[in-house]
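So you can see what is in the structure, the chains are spelled out below.
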Amino acid sequence: RAFQAAFVIAGLTAVKKMADGLRDLADAGGEAGSIGENFKKLGGSASQIDKAKASVMGMVESFDLMQISNKGLLAQIPGWNRSFAEIAELGGRVADALGKDTKQSIDDLTDAIVKGQFKALKPLGFTFTDTANKALVTKEALAQLPEVIARLAPVTDSVSNAQNALSVALDEAYKRIGIAI
């Protein structure tokens, strides 16, 4: 009897863990789905997200890139869709050069551009004609992206970057399955 009771308890525990896992999966899918919906509503371009993801060798999830890009879309910055892949590429290059987290680097760069924070952009090689005019700082930063990108080495396909990209791909697949549930 003790064996049967232990078997029943183990079975119930496994069922509870499975139910919790499905709930977590559905929650992750729901969150990712709402990010994607908001991105589309704001006029985001899926092709730019694909280019952005490719520029950082898959080390940042599409949903995270959409969420970061939404900042520029919400601010209604002219040319944002065309520039976001370059912003991601520059953020990836900075992260690779400094050994920082790629997603955080892209997020920080996006914030600096959206908010016209010249002090955060100058160390990367941006130059500005009027640092008091935040809108002009943003406009000039977007225009200089190709020039600044050219100064930094491309993101490498090192072992750690490859492992990171695999982990990101698995996390993204998990969220996409959750969206389907």
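Cut-offs and rules
Residues numbered from 1 in each chain as written. Predicted model: local features only at pLDDT ≥ 70, side-chain atom pairs only at ≥ 80, totals over all residues. Heavy atoms only, no water. Helix = DSSP H or I, 4+ residues; strand = E, 2+ residues; numbered from the N terminus. Buried < 20%, exposed > 50% of the residue type's maximum accessible area, 1.4 Å probe, protein only. Contact = heavy atoms within 4.5 Å. Expected span 1.5 Å × (residues − 1). Axes fitted to C-alpha atoms, helices over the stretch in contact; angles between N-to-C directions. Parallel < 35°, antiparallel > 145°, perpendicular 65-115°, else oblique. Left-handed = near helix turned anticlockwise from the far one by under 90°. Nonpolar A, V, L, I, M, F, W, Y, C, P; charged D, E, K, R; others polar. Arc of directions from axis to C-beta.

Asks: Would you explain the overall build of the chain in this entry?
Replies: Along the chain, the regular secondary structure elements total eight helices and zero strands. Starting at the N terminus and ending at the C terminus, the chain contains elements arranged as α-α-α-α-α-α-α-α. The buried share of the chain, reckoned over its 181 residues, is 39%. At a minimum sequence separation of 6, the contacts of the chain that also span at least 24 residues come to 66%.

Asks: Hey, could you run me through unusual backbone geometry in this one?
Replies: Trans peptide bonds make up most of the peptide bonds, and negative phi angles are found at most residues other than glycine. Positive phi, close to 55 degrees, is recorded for Gln76, a residue that is not glycine. Take Gln76: its relative accessible area is 67%, and that puts it in the exposed class.

Asks: What am I meant to see in helix H3 (residues 62-74) here?
Replies: Turn by turn, an α-helix covers 3.6 residues, leaving residues three or four places apart pointing in a common direction. With 13 residues, H3 extends 18 Å from end C-alpha to end C-alpha; this agrees with the ideal 18 Å at 1.5 Å per step. Counting buried residues along H3, 10 of its 13 residues qualify, which places the element largely inside the surrounding structure. Taken together, the buried positions of H3 are occupied by Ser62, Phe63, Asp64, Leu65, Met66, Ile68, Ser69, Asn70, Gly72 and Leu73. Within two residues after H3, Gln76 carries a phi angle of roughly 55 degrees, on the positive side.

Asks: Explain the packing of helix H4 (residues 80-98) against helix H5 (residues 102-115) here, please?
Replies: The geometry of a pair of packed helices is captured by two quantities: the angle between their axes and the separation between those axes. Relative to each other, H4 and H5 sit at 130 degrees, their axes nearing to 8 Å. The pairing of H4 with H5 is recorded here as oblique in orientation. As for the relative orientation of H4 and H5, their crossing is right-handed in sense. Residues Trp80, Phe84, Ile87, Ala88, Leu90, Gly91, Gly92, Val94 and Ala95 of H4 pack against Thr102, Ser105, Ile106, Leu109, Thr110, Ile113 and Val114 of H5. Tallied by class, residues from the contact of H4 with H5 come to 11 nonpolar, five polar and no charged.

Asks: I would appreciate a short explanation of helix H2 (residues 46-55) in the present structure.
Replies: All of the buried residues along H2 are Gln48, Ile49, Ala52 and Ser55. Around the axis of H2, the buried residues are gathered within 125 degrees of arc, so they sit on the same side. Across from the buried face of H2, at angles greater than 90 degrees, the exposed residues are Ala46 and Ala54. Remark: Met57 follows H2 within two positions and exhibits a positive phi of approximately 55 degrees.

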